[in-house]
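Structure at a glance
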Amino acid sequence: MAVVLTLSLTAACSPAPAKDTMGPTAPTGVTAASGSAQTVHVMWNAATDDRAVTGYEVYQQGRKVKDLPATTLMVDIVNLTPATPYAFTVRARDAAGNRSPHSATVPATTLAASAQDRTPPTAPRALHATADGSHEATLTWQAARDDTKVTAYDIYQADARIHTVPGTATTARLTGLRAGTVYSFTVRARDAAENSSPDSATADLTTTPAPGAPPNTAPTDLTATVAKGEVTLTWTPPRTGAPVTEHQLFLDGAFATTVIWGAEPPPGRATYTFTVPTTKPARHSVKLRARLPDGTWGDFSAQRTVVVP
């Protein structure tokens, strides 16, 4: 007699993830300051979410004027009317589309127009950068001069603006930095007509490494000079316990070439000269990193900016 067995299998189904219905917290520390007749600079502190904040929305007079990624905590609102009061709020957004309440409303009045002002301020002087632990830094400088009035100072890191303070300030507090990382800062002064000064001298710093992290391996004291279309770099290779025979050169953020010494590398500071073809004055950024004894590439040096005529 044949016996037929019938098996009934019940698939074990994992429960569907709970729908995200909780919105982020409202951004705090919102500030708005006018640095010119047509611009207001809005900044805020990061919001929190039970999963993750994915973006921010900036509102002007209750109307959304900017959509920004979660990594951006400041923005310039432009094309405003001179000598006019405005009000701004900021909301956070998560991946499910939940929005936070509006932040506190902050007012700002654009400066009066000064159409005839075409003279930029002088460059800020004596810029000094101090690391405050692993994730913060303080910059200080001497005030710039202007034929009318300095209305703002813009802080740049590796040629990208990361912060703005009022024209009455000569110090800036920077947060959100990475541990054990080399940073390069410059400051420009700006007036009400949007004239910007030349860059200040560069100030470098290295944030404190995280506990147990290896020491920073970046080349140090990088200088860049320009003559007849050529850029000459001079730097101090990192201390690695063995001779450093190779460096990678990055131009405008992209790999450009490898600098290799065929024999024993030069003692002390190293020098390398290269040509940048150009038909008109061009601004370029340069940075280096060294090949370590274990064959890996080390940390990047501070970045330098040059104008090749």
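None of the values given here were measured: they were computed from a predicted structure. (Residues numbered from 1 in each chain as written. Predicted model: local features only at pLDDT ≥ 70, side-chain atom pairs only at ≥ 80, totals over all residues. Heavy atoms only, no water.)

Notes on the sheet that holds strand β2 (residues 40-43)
- Overall, antiparallel pairing links the three strands, which are arranged β1-β2-β5 in an open sheet. This sheet does not close on itself; its edge strands, each paired only once, are β1 (31-34) and β5 (74-77). The average angle at which neighbouring strand axes cross in this sheet is 20°, direction not considered.
- Bridging between β1 and β2 involves four bridges; their strand directions are antiparallel. Bridge pairing in β2 links A32 to V42. (Pairing = 2+ DSSP bridges. Helix = DSSP H or I, 4+ residues; strand = E, 2+ residues; numbered from the N terminus. Axes fitted to C-alpha atoms, helices over the stretch in contact; angles between N-to-C directions.)

So, the sheet that holds strand β13 (residues 182-191)
- With respect to topology, four strands assemble into an open sheet ordered β11-β10-β13-β14, the strand pairing being antiparallel. With partners counted over all chains shown, the strands left at the sheet margins are β11 (160-166) and β14 (203-206), one partner each. The average undirected angle you get between the axes of adjacent strands in this sheet is 30°.
- As judged from the four bridges shared by β13 and β14, these two strands associate in the antiparallel manner. Along β14, the bridge assignment pairs V182 with T206.

A word on the confidence of the model for the protein
- Residues of the protein with pLDDT of at least 70 account for 94%, and the chain-wide mean is 90.
- Overall, residues 5-11 carries pLDDT values under 50, and its contacts beyond four positions in sequence, including any with other chains, amount to zero contacts. (pLDDT = per-residue confidence, 0-100. Contact = heavy atoms within 4.5 Å.)

Description of the pattern of salt bridges
- For the coordinates displayed, the defined rule picks out 17 salt bridges.
- With a shortest N-O distance of 3.2 Å, K64 and D67 are connected by a salt bridge.
- A relative accessible area of 37% places K64 in the partly exposed class.
- A salt bridge links R188 to D199; its shortest N-O distance comes to 2.5 Å. You can see R188 sitting in strand β13 and its partner D199 sitting in the loop between β13 and β14, a full 11 residues away along the chain.
- For D199, a relative accessible area of 26% puts it in the partly exposed group. (Salt bridge = Lys/Arg side-chain N within 4 Å of Asp/Glu carboxyl O. Buried < 20%, exposed > 50% of the residue type's maximum accessible area, 1.4 Å probe, protein only.)

Structural notes on the nonpolar core
- Grouped together as the largest cluster of nonpolar side chains are 20 residues, with contacts concentrated most on L139, W141, Y153, I155, V165 and F185.
- Examining the composition of this core, we find that four residues originate from one element, β13, more than from any other.
- With near-sequence residues (within four places) excluded, L139 lies in contact with L127, H128, A129, I155, T170, T171, A172, L174 and F185.
- Judged by nonpolar contacts, the second largest core, of 19 residues, contains A47, L80, F88 and A108. (Core = buried A, V, L, I, M, F, W, Y, C linked by side-chain atoms within 4.5 Å.)

Observations regarding unusual backbone geometry
- We note that A83 has phi near 50°; this positive angle belongs to a residue other than glycine.
- Assignment of secondary structure puts A83 in the loop between β5 and β6 (85-94).

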